[in-house]
Amino acid sequence: MKKIFSLSILVAGAGLLVLSCSKAITEHTADAAALNPANIDLNAGVWKPVLLSSPTDVAVPAPIAATTPDYIAQINEIKTWQADLTTDEKDLVKYWSAGAVLRWNEIMRELVAKHNVPPAQNADGTYPAPNANNPLAYPTFPFANPPYAARAYAYVAAAQYDALVSAWYYKKLYNRPAPYKVDAALAVLVPKSELPSYPSEDAVVEGASVEMLKLLFPGDQDFIQQKAEEHRRARLIAGANVRSDLEAGEALGRAVAQKFVTRARGDRAGTAGGSQVLWTQLETDCIARGETPWISQESPKRPPMLPVFGKVKGFLVDSLACIALRPAAPPSASSTKMKNETEEIYQLVKNPTREQIRIVHFWADGVGTATPPGHWNAIAADDFITKNWSEVRWARNMALLNMALMDAAIVCWETKFYYFNPRPSQLNPAIKTLTGLPNFPSYISGHSTFSGAAAAFLGHVVPERASQYQAMANEASVSRMYGGIHYRSDCEQGLVVGKNVGQFAINRAQADGAE
Amino acid sequence: MSVKSIFKPFRFVFAMTLFSATATHAQTEMDAIMMNKHQFCSGFDYMHSSWDRYWEGTLKRTNENLGTVTTQGVMFMPNYGITSNLNVMASASYVWTEASAGTLKGMKGLQDLSVFVKWRPVAKSFGANKLSLFVLGGYSAPLSNYVVDFLPLSIGLGTKNLIGRGMVDFLHKRINVTASAAYVRRSNVTLDRDTYYDTELHQTNEVKMPDAAQYQLRAGYRGKYLLAEALLNNWTTLGGFDITRNNMPFPSNRMNATSVGVQLKYTLKSNTHLSLIGGGSTTIAGRNVGQATAFNAGVFYAFYFKK
């Protein structure tokens, strides 16, 4: 009986031990330190914008003087907030102080992941297309697949950047000091800065993001507007900006983003889905060339993902350059080389090691994720956090990265649908995959192209990490072979094309006035 | 990116509903059978479970890119009677999965090890009736670093679990009714990727797993050589989220399942060391799980160290 008693004590004790274990998880940018730029880039108003012809394309009126009753009232608004701060409000300040570009980039990744789900088929075996004019009806708009996501990240980042260049121009022009410089008694909950506070760089980023996201994620306005409201409030509570800094910044951000919205409406992405006529044409053209056409291996057969995305207007690569970047044809499906490449993939997936599966899944970035461009944004953000860059430099580097990723998608998709070649599991149905099989042609690998472009550009702005970026790109690339969904030539050529696209971003970086 | 699918709460619904109720010599943590003092018994149980329909949240659907998903396994189960009122038991499984359609590759590997202590503090007889109370405590953990983030083809969910169970058994002559309820405290799990979306984006490879409850009602005939019971099982995840339309399943989904089944055990009269077990079950309700139909068959051998 004594033994029973001690045993039950033991069991109960073990139970209490486990029950008391916390399941709390700390996410890795949750505690990111407040942005405290080593260099405020005061002259960034002369950096070359992406779309604006001049930083004064959008007029920002002169701010009211710090001696006016209106301004003093705005200071008092901050003091009233600060007199009674809740924990939630302090948390908001802490969250947003890590950086406006960083946080809106994370919000973008969240929206992409939420919407990166292919529509279910109709009862008749056809597939419905999301409708931007009715985004909440199933299938909800958008289907944020990799090309869609790459374009979305690029537009938001480029709009943020152009709006910030303009903001920096006006900051220097008007030179309004931060509220804590005007009123030394004002508490400030974020690092103090010598940067003029009008218009607010945070509100610029918020305004530009909100305006772009109306177009890109029209069904998520409740979420987006809540984030925007919290962002503005955080800056006010922190004592970093008065209300008129925020209002001017938000208006500027929105107005600049409007120009990007206009561009986006005419960049041909809206027709990238093609039509049944085109889908059939791709197949018959491929057969006419004497090649084996790609066939959807989904059941029921799904139309290929955005077959005309290769015609979208890039930011860095124009349509002629896009064609020039297209690599030579893949090995013919009937060639010995292709047989060997198919056999290589078969052997790889037959008995994968645990480490190979880890690599496949680490880089898979498939359904329900922020896509490969989102993954590279996360990699970039982690390193940018350590750099203590100004918001405008953050935005510039994110814009260049994401323009490279979008153009990588364009060149990759142009190539895929130019050659329209089959996946390994189409040529050998015994090949089983360790991740979802993408529903579009094989050559060249999207992951490899994205990764080649990102690694090249990131190696330029964070040179001490260049070799790590290249190693990551190589691993992302080979993960598609380990996964059974790409041949070696898809991956090797994808890395080369991506690197070439990345060079366009480097060339622009060397000429935009920021280096 | 093409295959949407779903998981079923494999490890416990599966392991518990199918591998349970094996034999007098192979009592499980869910039946009311105890081994005698110094009796040792062990054996193997083979199980086969398959489904071609699943619940995507509450929507029941098929998936032509999975076809029929089949999970098979072999479980080794040793049990020992410290006293006739205190038993210890363990189990370890090797599991393999496959999908009949689509391109996704099945997985295989050593799944989990579990250890239970089963204690019968109360056993009272009233004429032809007998009432017993049981308290069980157990722990289980993965035996290998298997992939948890490849549902529905993962071989398990990868959590470490602490299980507490209370059980009441009523026996009238040879007819028994047994009811039990368990709370399963589940650890977080880690993925091979460093970010994921459930209902929001998480920048970590760690997934918070909701705890779960498990209920069972079983009744039948408990003879000297033959045991035959009907079972009603329920697994309820205490939290978690629904798979969104056409999305992939995820380890921390709200996986619920109710199943009915039978379990039989027959001890050979010619050799009472040896017993054969078998059974089957089918899922009658669920959420974020496959509508599995399963059967199992096994053989157990008992040793008597001291009489």
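Residues numbered from 1 in each chain as written. Chains lettered and ligands numbered in written order. Predicted model: local features only at pLDDT ≥ 70, side-chain atom pairs only at ≥ 80, totals over all residues. Heavy atoms only, no water.

### So, the overall build of chain A
1) Next: Per the secondary structure count, chain A includes 19 helices and zero strands.
2) Next: When burial is assessed residue by residue, chain A has 59% of its 515 residues classed as buried.
3) Next: Long-range contacts, defined as pairs at least 24 residues apart, comprise 85% of the intrachain contacts of chain A with a sequence gap of at least 6.
4) Next: Counting every atom, chain A has about 19,700 Å² of accessible surface; 57% of that belongs to carbon and sulfur.
5) Next: Of the side-chain charges in chain A, 49 are positive and 49 negative, and the distance between the mean point of each set is 4 Å. (Helix = DSSP H or I, 4+ residues; strand = E, 2+ residues; numbered from the N terminus. Buried < 20%, exposed > 50% of the residue type's maximum accessible area, 1.4 Å probe, protein only. Contact = heavy atoms within 4.5 Å. Areas by Shrake-Rupley, 256 points an atom, 1.4 Å probe, with all protein chains shown as cover. Lys, Arg positive; Asp, Glu negative; His and termini not counted. Charge placed at Lys NZ, Arg CZ, Asp CG, Glu CD.)

### Side note on a nonpolar patch on the surface
All names here are of chain B.
1) Next: Together, V122, F126, L131, L133, V168, F170, V177, L217, L232, V260 and I284 give the surface a local cluster of nonpolar side chains, amounting to about 840 Å² of exposed area.
2) Next: If you list the elements that add at least two residues to the nonpolar patch, you get β6 (108–126), β7 (129–142) and β8 (161–172).
3) Next: Mapped onto the elements, F126 comes out in strand β6.
4) Next: Classification of F126 by relative accessible area gives partly exposed; the value is 48%. (Patch = residues over 30% accessible without salt bridge, like charges linked within 9 Å, V, L, I, M, F, W, Y side chains within 5 Å. Salt bridge = Lys/Arg side-chain N within 4 Å of Asp/Glu carboxyl O.)

### A short note on helix α18 (residues 466–482) of chain A
Residues and elements named next belong to chain A.
1) Next: If you check α18, its first and last C-alpha atoms are 24 Å apart, about what 17 residues at 1.5 Å a residue would give, namely 24 Å.
2) Next: What α18 keeps buried is the set Y469, M472, A473, A476, S477, S479, R480, M481 and Y482.
3) Next: Next to the buried residues of α18 lie α12 (336–350), α13 (354–363), α14 (371–385), α17 (446–461) and α19 (488–509).
4) Next: The first or second residue beyond α18 is G484, which carries a positive phi of 85 degrees. (Expected span 1.5 Å × (residues − 1).)

### Quick word on the domain arrangement of chain A
Often the size quoted for an interface is simply the accessible area lost on bringing the parts together.
Residues and elements named next belong to chain A.
1) Next: Entries for chain A in the domain assignment read domain 1 (61–265) and domain 2 (291–509).
2) Next: For domain 1 and domain 2, the distance between their C-alpha centres works out to 30 Å.
3) Next: Residue-level contacts link 38 residues of domain 1 with 41 residues of domain 2.
4) Next: Counting the surface lost from both domain 1 and domain 2, the interface buries some 3,100 Å², and carbon and sulfur atoms represent 73% of this.
5) Next: The largest contributions to the domain 1 side of the interface with domain 2 come from Y127, P147 and R263, which together make up 20% of the buried area. (Domains from an automatic or database assignment. Buried area = accessible area lost by both parts, 1.4 Å probe.)

### Side note on the environment of V46 of chain A
Residues and elements named next belong to chain A.
1) Next: Looking at the element boundaries, V46 is found in the loop between α1 (2–20) and α2 (69–83).
2) Next: Its relative accessible area of 68% is what places V46 among the exposed residues.
3) Next: Along the sequence, V46 and G513 sit 467 residues apart, while their C-alpha atoms lie 7.2 Å from each other.

### Notes on the packing of aromatic side chains
Residues and elements named next belong to chain A.
1) Next: With the rule as written, the count across this model stands at 26 aromatic pairs over all chains.
2) Next: Residues Y155 and F315 carry aromatic rings whose centres are separated by 5.0 Å and whose planes lie at 65 degrees to one another, so their mutual orientation is edge-to-face. Taken together, the positions of Y155 in helix α5 (residues 146–174) and F315 in the loop between α10 (276–288) and α11 (319–325) put the pair 160 residues apart, joining distant regions of the chain. Both residues of the pair, Y155 and F315, belong to the buried class.
3) Next: Within the aromatic cluster, the residues linked to one another by ring pairs are Y169, Y170, Y174 and Y198. (Phe/Tyr/Trp six-rings, centres within 6.5 Å; stacked < 30°, edge-to-face > 60°.)

### Side note on the packing of α14 of chain A against α17 of chain A
All names here are of chain A.
1) Next: Close contact between α14 and α17 brings their axes to 10 Å; oriented N to C, the two are set at 20 degrees. One finds that α14 runs roughly parallel with respect to α17. α17 is crossed by α14, and the crossing has right-handed handedness. Packed against α14, whose contacting residues are P372, P373, W376, A380 and F384, the element α17 presents H447, F450, S451, A454, A455, L458 and V461 at the interface.
2) Next: For the contact of α14 with α17, a count of residues per class yields ten nonpolar, two polar and no charged. (Axes fitted to C-alpha atoms, helices over the stretch in contact; angles between N-to-C directions. Parallel < 35°, antiparallel > 145°, perpendicular 65-115°, else oblique. Left-handed = near helix turned anticlockwise from the far one by under 90°. Nonpolar A, V, L, I, M, F, W, Y, C, P; charged D, E, K, R; others polar.)

### Things to note about the pairing of strand β14 (residues 212–222) of chain B
A regular strand places its side chains so that they alternate between the two faces of the sheet.
Residue and element names in this part refer to chain B.
1) Next: As judged from the ten bridges shared by strand β9 (residues 175–186) and β14, these two strands associate in the antiparallel manner. Bridge pairing links A179 to L217 in β14.
2) Next: Taken together, the eleven bridges between β14 and strand β15 (residues 226–237) define a ladder with antiparallel strand orientation. Bridge pairing in β15 places Y215 opposite N234.
3) Next: Connecting β14 to the next strand, β15, in antiparallel fashion are three residues. (Pairing = 2+ DSSP bridges.)

### Regarding the interface of chain A and chain B
1) Next: Counting residues at the interface gives 56 residues for chain A and 45 residues for chain B.
2) Next: When the two sides are added together, the surface that chain A and chain B hide from each other amounts to roughly 4,600 Å², 59% of it contributed by carbon and sulfur.
3) Next: Three residues, K23, I25 and R354 of chain A, lead the burial of chain A against chain B; their summed loss comes to 16% of the area buried on that side.
4) Next: Inspection of the chain A/chain B interface yields two salt bridges.
5) Next: Our count for the contact surface shared by chain A and chain B stands at 22 residue pairs in polar contact (both at pLDDT 80 or more).
6) Next: For the side of chain A that touches chain B, the secondary structure elements donating two or more residues are α1, α4 (100–115), α12 and α13 of chain A.
7) Next: A per-element tally of the side of chain A that touches chain B places α1 of chain A first, with nine residues.
8) Next: Classifying every residue of the side of chain A that touches chain B by side-chain character gives 26 nonpolar, 17 polar and 13 charged. (Polar contact = N/O pair within 3.5 Å; in protein donor to acceptor, adjacent residues only side chain to side chain.)

### Details of the pattern of salt bridges
1) Next: What the rule picks out here adds up to 39 salt bridges over all chains.
2) Next: For K337 of chain A, the salt bridge is made with E341 of chain A, and the minimal N-O distance between the two is 2.7 Å. Residue K337 of chain A and its partner E341 of chain A are both found in helix α12; the two are separated by four residues, about one turn of the helix.
3) Next: Overall, K337 of chain A belongs to the partly exposed group, its relative accessible area being 49%.
4) Next: For E341 of chain A, a relative accessible area of 7% puts it in the buried group.
5) Next: R287 of chain B is the partner of D242 of chain B in a salt bridge, and the nearest nitrogen-oxygen pair spans 2.9 Å. In this pair, D242 of chain B is assigned in the loop between β15 and β16 (256–267) and R287 of chain B in strand β17 (residues 274–287), connecting sequence segments 45 residues apart.
6) Next: Each member of the salt-bridge network shares a partner with another, and the members are E206, E211, K214, R232, E250 and R254 of chain A.

### Section: the nonpolar core
Residues and elements named next belong to chain A.
1) Next: Counting 166 residues, the largest nonpolar core has M212, F217 and W376 as its most contacted members.
2) Next: At 19 residues, helix α15 (residues 391–419) tops the list of elements feeding residues into this core.
3) Next: Domain assignment of the residues forming this core places at least three in each of domain 1 (61–265) and domain 2 (291–509).
4) Next: In terms of nonpolar packing, the next biggest core, distinct from the first, is built from eight residues, Y71, I78, A203 and V242 among them. (Core = buried A, V, L, I, M, F, W, Y, C linked by side-chain atoms within 4.5 Å.)

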